[in-house]
Amino acid sequence: MGVLLETRGISKSFGGVQALDRIDLSVERGEVLGLIGPNGAGKTTLFNVICGLKPTAGQVLFKDEDITGHRPHEICRRGIARTFQLTRPFGEISVQDNVAAAVLFGRDHTRGASLAEARRRADLVLARVHLDQRKDALAKDLLFSERRRLELARALATSPELLLLDEVMAGLTVAEAGEMVKILGRLKREFALTLLMKVVMTISDRIVVLNYGSKLTEGAPHEVAAHRDVIEAYLGVEHA
C-alpha cells in the first residue's frame, strides 16, 4: 500500500507548554488509523500541524512531499481534508450549498465547475451521508447529529485521499454513532479513503496513543486496550 502521510519528529510548544514532543507517525494508504489519548494529550494540536499549523520542529510529509506549514487551503487541495469537533457550517445558506462550496474550493477547483455542477456533486455526497432529504434546509436548522454528517459531507466534497476526523462521534447517541460507523465504512470503500480518526477504536486498523504530547504506544486495538501504560494514562496507576 505504501505510506500516505508521515510526521517526523514533530514538536510544538506554546510558550512554556510542550504540546507535542518529537512525534513520529505514519499512515498507510487505505488504512484507518485511530489517534487516542487523554484530554490534553496533543491530539488536536497534531491534527492542526498536519493541516498547516507551523511546528516548532519536525516535518509533515504527504505522498513523500514536504507540506510542513503550508497554508490550509493548499493542503486541502493536495488531498487532505478534516472535520472539526465544533461544527461551524454556513448557517444562513442551504445544506446543499454548504457542500457545493466545498466542491468549488476543494481539490478539484481548477476544473472550473459551475454552480449547477457543484450542486449536482453535492447531492451525490449528501445522499451518501443520509442528508439528501434535508438539502434545501438552512444549515442552522439541522439537528446536532445532522450537523455532524454535514461536517463530514463538506470534507468529503473536497475530494480527499486522506480524511482527518476530529471526534466525529462526540455528542451522538448510541444509535446515531452506530449509523456514523456504517457511513464511514461505506465511504472508505466507495472513495478509497485513508482515515486518521480521533478517539474511535472500534473501526480502526491500528491505534496510536498520545499522552502529555508524546507517543505512548501504538499497535492493534486489542493490544492497545490491554497496554498497562495506556490504562494508567486513562485511569491512573492504581488501575494499571
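Structure's up top.
Read on for an overview of the structure. (Residues numbered from 1 in each chain as written. Predicted model: local features only at pLDDT ≥ 70, side-chain atom pairs only at ≥ 80, totals over all residues. Heavy atoms only, no water.)

Checked against the element boundaries, T44 lands in helix α1 (residues 43-50). Judged by relative accessible area, which is 34%, T44 ranks as partly exposed. Sequence separation between T44 and A57 is 13 residues; the distance between their C-alpha atoms is 17 Å. Beyond its immediate stretch of four places on either side in the chain, T44 contacts D166 and K198. (Helix = DSSP H or I, 4+ residues; strand = E, 2+ residues; numbered from the N terminus. Buried < 20%, exposed > 50% of the residue type's maximum accessible area, 1.4 Å probe, protein only. Contact = heavy atoms within 4.5 Å.)

On to the sheet that holds strand β9 (residues 206-211), then. An order of β6-β7-β8-β3-β9-β10 is seen for the six strands of this open sheet, with the pairing classed as mixed. Edge positions in the sheet fall to β6 (80-82) and β10 (214-219), since each of these pairs with one other strand and no more. Sheet twist, expressed as the average angle between the axes of neighbouring strands with direction ignored, equals 20 degrees. With four bridges joining them, strand β3 (residues 32-36) and strand β8 (residues 194-198) adopt parallel strand pairing. Along β8, the bridge assignment pairs L33 with L196. In this fold α1 packs onto β3, β6, β7 (162-165), β8 and β9, with an angle of close to 145 degrees to the strand it touches most, β8. (Pairing = 2+ DSSP bridges. Axes fitted to C-alpha atoms, helices over the stretch in contact; angles between N-to-C directions.)

Ring pairs (aromatic) are described by centroid distance and by the angle formed between their planes. By the definition in use, this model includes zero aromatic pairs. A cation sits over an aromatic face here: K198 above F47, 5.9 Å from the ring centre. (Phe/Tyr/Trp six-rings, centres within 6.5 Å; stacked < 30°, edge-to-face > 60°. Lys NZ or Arg CZ within 6 Å of the ring centre and 35° of its normal.)

Attention now moves to the pairing of β8. The element β8 is largely enclosed, with a buried count of five among its five residues. Neither face of β8 is open: one carries T194, L196 and K198, the other L195 and M197, and all of them are buried. As defined by bridge partners, β7 adjoins β8 across four bridges and the pair is classed as parallel. Looking across to β8, one finds that L164 is bridged to L196. With helix α6 (residues 174-191) bridging β7 and the parallel β8, this β-α-β connection has right-handed handedness. (Right-handed = clockwise from strand over helix to strand, strands pointing away.)

With that out of the way, let us pick up the sheet that holds strand β5 (residues 65-66). A sheet is described by the order of its strands in space; here four strands give the open sequence β2-β1-β4-β5, paired in antiparallel fashion. Pairing within the sheet leaves two strands with one partner each, and these edge strands are β2 (17-28) and β5. Alignment of strand β1 (residues 3-14) against β2, held across eight bridges, turns out to be antiparallel. Counted as the bridge partner of F14 is V17 from β2. Relative to the sheet, α1 contacts β1, β2 and β4 (57-62), its axis offset from that of β1 by approximately 115 degrees.

Counting residues in hydrophobic clusters, the biggest one holds 35 residues, and the most contacted among them are V99, L152, L163, L165, M169, L184 and M197. Aside from chain neighbours lying at most four places away, what touches V99 is A122, V125, L126, L150, A153, R154 and A157. The next biggest cluster of nonpolar side chains, apart from the first, holds 25 residues, and it includes L33, I50, F62 and L210. (Core = buried A, V, L, I, M, F, W, Y, C linked by side-chain atoms within 4.5 Å.)

Next up on the list: unusual backbone geometry. Within the chain, K63 stands out as a residue other than glycine whose phi angle is a positive 55 degrees. On the secondary structure map, K63 appears in the loop between β4 and β5. For K63, a relative accessible area of 34% translates into the label partly exposed. Here E167, not a glycine, exhibits a phi torsion of approximately 50 degrees, which is positive. Counting through the fold element by element, E167 comes out in the loop between β7 and α6. Classification of E167 by relative accessible area gives buried; the value is 16%.

Enumeration over the complete set of coordinates arrives at 19 salt bridges. The salt bridge involving R206 is made with E31; its shortest N-O contact spans 2.6 Å. Within this pair, whereas R206 is found in strand β9, its partner E31 is found in the loop between β2 and β3, the two being separated by 175 residues in sequence. Assessed through its relative accessible area of 16%, R206 is described here as buried. Residues R107 and E161 are paired through a salt bridge, measuring 2.7 Å at the closest nitrogen-oxygen approach. Pair noted here: R107 is in the loop between α3 (95-105) and α4 (115-128) and E161 is in the loop between α5 (144-156) and β7, with a separation of 54 residues, a long-range link. On the accessibility criterion, E161 (15% relative accessible area) is buried. Here the residues in one salt-bridge network are R29, K63, R107 and E161, joined through shared partners. (Salt bridge = Lys/Arg side-chain N within 4 Å of Asp/Glu carboxyl O.)

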